[in-house]
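Residue strings, one per chain:
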Amino acid sequence: FVCFPPFLMSVRGSTQSSGGIDAKQDLMMQAQLLAKQEQEQRRQEQEQQRMFALQQQRQQRVYQMTTGPSAQEVPVQFVSDAASCCGKKQCRGFLSDRRSPLAAIVCHPWGPLGGNMHNPVVVTLVDVCSEVGLTTLRFDFRTGIGRGHAAASDLRGACAFLNELNTPPAQIVLIGYSYGACVVADIAPDIPNLSALAMISPPLGVMWGLFSFRDPVSRVQGINKPKLALVGDSDQFCSEQRFRKFTATLQEPLEQLILRGHPLASCCERHCGVIRRSKV
């Protein structure tokens, strides 16, 4: 038998003891890491479930708004600031009055081609504005025939209607899609409490037909309020060249966007609004 000196035996024992402690610490660290990973995975799964449920609610809400008012909207009527048009003196719409200091009016595409306040892009815009707490108003133009003066009068009447609420907004944002974008540009200089305006997919290539050779968007050139001009790169009524030529005439502050790869008006095969919403 080989006899080790006592001090060597004590060193060997302490080394084994130290190695055992290190192994336990490694196991503990690995267990804590696994626990954190599992906790993070559960958190991500819960967040995905929450987002899916929220998305489902949004889809149901937007779908409901394409056929009628949302749960927060009420039917309203207001008088246009012009005389009777096509036998109609009043405009009909849906109001969601949140008594907010900022209100948004959203205008729809050309009526003779089926445009109305139930348009999917229009209701998505309204829904987005509602989520951030704005008072919203969407309405139907009485007509789209002529040079656009009747539609401009309707929008001025909509602004006057908001200003006469029990708790009127201090400022108004005008948002127009397609034909509505041109009407927004047309009356923007006439609204004293205008905060900002958004022109989405303005049909610059066919304005001569929609407005009987009148140019309504030229009136927005003198506006120094914040402006958003947005178009898709595959828009059939507005080329990129024409869009850039138009935005070059606008004053700052201005944000101009050309969406690449997907037309704003379309969505997936189920028309759920998810893609459209991300663009909006």
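Notes on the structure in this doc start here. Quantities reported herein were computed from a predicted structural model and do not represent experimental measurements. Every chain's residues receive numbers from 1 upward, in the order its sequence appears when written. Local features in this predicted model are restricted to residues of pLDDT 70 or higher, and side-chain atom pairs are both shown and tallied only at a pLDDT of 80 or more, whereas totals for entire chains, interfaces and linings draw on every residue. Here the side-chain values reflect all heavy atoms present in the structure, with hydrogen atoms and water set aside.

**With respect to the environment of leucine 254**
- For helices the rule is a DSSP run of H or I covering at least 4 residues; for strands it is a run of E covering at least 2, with both sets numbered from the N terminus onward. You can see leucine 254 is positioned in strand E8 (residues 254-259).
- Residues leucine 254 and lysine 227, 27 residues apart in the sequence, show an inter-C-alpha distance of 4.8 Å.

**Side note on helix H3 (residues 149-163)**
- Each residue after the first adds 1.5 Å to the expected span of a helix. Along its 15 residues, H3 runs 21 Å from first to last C-alpha, staying within 8% of the 21 Å computed at 1.5 Å per residue.
- For every residue, the accessible area obtained with a 1.4 Å probe (protein chains only) is divided by the maximum for its type, and the residue is called buried under 20%, exposed over 50%, and partly exposed between those limits. In terms of burial, H3 is largely enclosed, as 11 of its 15 residues are buried.
- When we look at burial in H3, the residues that qualify are Ala150, Ala151, Ala152, Ser153, Asp154, Leu155, Gly157, Ala158, Cys159, Phe161 and Leu162.
- Elements in contact with the buried residues of H3: strand E1 (74-79), strand E2 (90-96), strand E3 (102-107), strand E4 (135-139), strand E5 (171-177) and helix H4 (179-187). Any two residues whose heavy atoms approach within 4.5 Å at even a single point are treated as in contact.

**Comments concerning unusual backbone geometry**
- A cis geometry characterises the amide bond from glutamate 252 onward to proline 253, with omega recorded as 0°.
- With respect to the helices, strands and loops of the structure, proline 253 is situated in the loop between helix H6 (240-247) and E8.
- A positive phi angle, near 55°, is found at arginine 99, a position not held by glycine.
- Mapped onto the fold, arginine 99 is located in the loop between E2 and E3.

Function-wise, these values are silent; they only describe arrangement.
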